[in-house]
Amino acid sequence: MDKLANARKGYPAHAAFYRSFLVPLLLSSVAAFAAPLPTAKEVITALSLKQDQVAKLDRGEIVALEISEATQKELAMGLAIYLPSPPAKLIAYFKSGKLATIDPDIIAQGQVRLDPVADDFKGFGYTFKQSDEAGDLLNATAGDRFNLSSAEIQGLALLKKKLAGADKAALVAAASQHYREILLQRWQAYRKEGLTGIAPYARNGAEASPAKELHTATTSSKLFEGYFPDLYKAWLNHPNKLPSGADEQFYWLNRKVEDRPTAILSHRVLQTSDTGSVILARQFYVGHSYNSSQLIVGCLPYRNGSIIFYGHRTSTDQVAGMGSSLKHSIGRDQMKGEMTKNLMRLRSSIQSY
């Protein structure tokens, strides 16, 4: 029992970010599909849902979908829910911005322009009360306290030398500004080179590679590849041109994870029509606690309403190594719990919308 309790203490990050990932993801503009969407029944058949699972969907219950994990670091989970509202109503709700009220841990967020400067990320910054966190950043070394490349750690060490004798306020301001420059450089590298431009995170042992993790997360999504081959290829090979009708956005978050401010950079692609939508999002930089994450959400008409298919893959060093099986079990349980809460909140909000 003590072993299980101690293991659970290592997973607040996994439970923490699932709620927030759905919120900014769905606040997007509408684009038309270049090709017809699959029907909900086609997806149900492709997912091999059993009769009792379909019956649960019909009753409005949340159904778990089997998603195999591709690596020792990956946690994967899928859920589906039937909502007695047509896709058009769901799309209008998503665009209204009301989902932003679901997650109280988002400190700040914003869209990244195509020609950003470091100050565009000013929503991410340390407060005076977070001076210890700012100091830890300046003292960063290879490890899992922060997700930083070797070059980024060296740059912070040089900044620390320049700040010798500086007061706490100056230290916080300088650390915040330097981190914003790191975010800008990471965004620029991803925008120019896609997954191959993502710098690895320095660890005490082997580096962590969010680029490889996100590549694996995408190639493991066979249903997505089968139904949307052109979108799949563009998503995998960003910055290749998106298929006609697809809309993409980049955004940043400053979110409290494990009671710490967390910088997150995300890329989102949306295709929507009157008959449904598919939304893709990947977090290609995360400041700490987990390495990367990818989410696929599908909304399709079904009976007198819609089915939402919600698949999530995240990669974290915390579930690898000794005790990996137990860690994965705990991580999946917490992931499922948070994803379920997301869908229950969504259902409740839609009913009153």
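Going by the structure above, here's the rest.
Residues numbered from 1 in each chain as written. Predicted model: local features only at pLDDT ≥ 70, side-chain atom pairs only at ≥ 80, totals over all residues. Heavy atoms only, no water.

Describing the pattern of salt bridges
Enumeration over the complete set of coordinates arrives at 14 salt bridges. In this structure, D58 and R303 form a salt bridge, with 3.5 Å as the shortest nitrogen-oxygen distance. Of this pair, D58 sits in helix α4 (residues 51-58) while R303 sits in the loop between β7 (292-302) and β8 (305-315), placing them 245 residues apart in sequence. On the accessibility criterion, D58 (31% relative accessible area) is partly exposed. The closest approach of N and O atoms between R113 and D120, which form a salt bridge, is 2.9 Å. Judged by relative accessible area, D120 falls into the partly exposed class, the value being 24%. (Salt bridge = Lys/Arg side-chain N within 4 Å of Asp/Glu carboxyl O. Helix = DSSP H or I, 4+ residues; strand = E, 2+ residues; numbered from the N terminus. Buried < 20%, exposed > 50% of the residue type's maximum accessible area, 1.4 Å probe, protein only.)

Quick look at the sheet that holds strand β4 (residues 247-257)
Judged by pairing direction, the sheet is antiparallel, and its 8 strands sit side by side in the order β1-β2-β8-β7-β6-β5-β4-β3 without closing on themselves. Both outer strands of the open sheet, β1 (63-65) and β3 (106-111), are each paired with one neighbouring strand and no more. Adjacent strand axes in the sheet meet at a mean angle of 20°, parallel and antiparallel pairs treated alike. As paired elements, β4 and strand β5 (residues 260-273) share 11 bridges and run antiparallel to each other. Within the sheet, the bridge partner assigned to E248 lies in β5 and is V269. (Pairing = 2+ DSSP bridges. Axes fitted to C-alpha atoms, helices over the stretch in contact; angles between N-to-C directions.)

Here's the deal with the side chain of T262
Here T262 shows up in strand β5. The exposure class assigned to T262 is buried, which follows from its relative accessible area of 0%. If sequence neighbours within four positions are ignored, T262 has contacts with F124, L253, N254, R255, K256, V257, V286, G287 and H288. (Contact = heavy atoms within 4.5 Å.)

Describing the nonpolar core
Among the nonpolar cores identified, the biggest contains 37 residues, and Y126, L148, Y179, F284 and Y285 are the most heavily contacted of them. Of all the secondary structure elements, the ones that give two or more residues to this core are α6 (131-138), α7 (150-162), α8 (168-193), α9 (210-219), β4, β5 and β6 (276-286). The element that contributes the greatest number of residues to this core is α8, accounting for 8 residues. Contacts of F284, omitting those with residues within four sequence positions, involve R186, W187, Y190, I198, Y201, P210, L214, F250, L265, S266 and H267. W235, L236, I296 and F309 belong to the second largest nonpolar core, which has 26 residues in total. (Core = buried A, V, L, I, M, F, W, Y, C linked by side-chain atoms within 4.5 Å.)

Some words on helix α11 (residues 229-236)
Those residues of α11 lying buried are L231, Y232, A234, W235 and L236. In this fold, the buried residues of α11 make contact with α9, α10 (222-227), β5, β6 and β7.

What to know about the packing of α9 against α11
Contact geometry for α9 and α11: axes closest at 10 Å, N-to-C directions at 175°. On the basis of the axis angle, α9 is roughly antiparallel to α11. Listed contacts from α11 to H215, T218 and T219 of α9 are Y232, W235 and L236. Split by residue class, the contact of α9 with α11 holds 3 nonpolar, 3 polar and no charged. (Parallel < 35°, antiparallel > 145°, perpendicular 65-115°, else oblique. Nonpolar A, V, L, I, M, F, W, Y, C, P; charged D, E, K, R; others polar.)

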